[in-house]
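The primary structure of each chain is shown beneath.
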Amino acid sequence: MKYMLLINSAADDTEACPDTFEDWQVYDKEVKAAGIFVTGQSLADLVTATTVRVDAAGERTVTDGAFAETREVLGGFLVIDVPDLDVALDWAARCPGARGGGSVVVRPIADFG
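What counts and what doesn't
- The residue numbers shown here count from 1 along each chain, following its written sequence.
- Only residues with pLDDT of at least 70 get local features here, since the model is predicted, and only at 80 or more are side-chain atom pairs given and counted; chain-wide, interface and lining totals rely on the full set of residues.
- The side-chain quantities take in all heavy atoms of the structure and omit both hydrogens and water.
- Strands are labelled as partners when DSSP assigns at least two bridges between them.
- Helix and strand assignments come from DSSP, with helices taken as H or I runs of at least 4 residues and strands as E runs of at least 2, each series counted from the N terminus.
- Axis definition: a line fitted to C-alpha atoms, limited for helices to the stretch in contact. Angles are taken between N-to-C directions and run from 0 to 180 degrees.
- When checking whether two residues touch, look at their non-hydrogen atoms; a contact exists if any pair is within 4.5 Å.

### A few points about the sheet that holds strand β5 (residues 72-81)
Hydrogen bonds along the backbone pair up the strands of a sheet, which may run parallel or antiparallel. Sheet architecture is open: four strands sit in the order β2-β5-β1-β6, paired in antiparallel fashion. The open sheet is flanked by β2 (37-42) and β6 (103-108), the only strands paired with a single partner. Within the sheet, the average angular offset between the axes of one strand and its neighbour, ignoring direction, is 20 degrees. In this sheet, β5 lies alongside β2 in antiparallel orientation, the contact comprising five bridges. Bridge pairing in β5 links Gln 41 to Phe 77. Across the sheet, helix α1 (residues 21-33) touches β1 (2-10), β2 and β5, and the angle it forms with β5 is around 25 degrees. Its contacts with the sheet put helix α2 (residues 85-94) on β1, β5 and β6, and the angle it makes with β6 is roughly 160 degrees.

From the geometry alone we can't say anything about function, so treat these as descriptive.
Structure follows, in structure tokens:
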């Protein structure tokens with residue numbers, strides 16, 4: 001079954017970030033070596049975001065940024081293919097993004113086939 005791991009970091013830059021680039025390299029290598037990697041990407045800095053809203057009349061409004069009031073920022077995602085939720089949760093717990101004020105949200109990928 002495929003699961004998306006939504007990797008969030010603390011929005012407050014003052015909070016200590018315990019993970020390093022090397023931690024991420026090790027984790028990525030482990031996921032790929034386990035044969036569960038489907039896809040994944042890191043997202044560019046939040047200041048590069050653009051938000052689109054469409055009102056009831058179909059009018060589009062585009063604004064710079066993603067200025068939702070939140071304590072976490074979506075930093076990237078990973079899609080893994082594992083037997084069940086318990087295994088997905090184990091991989092999420094190993095993710096460097098789950099440490100130091102960050103979190104990893106685990107969601108099953110819907111299968112409409």
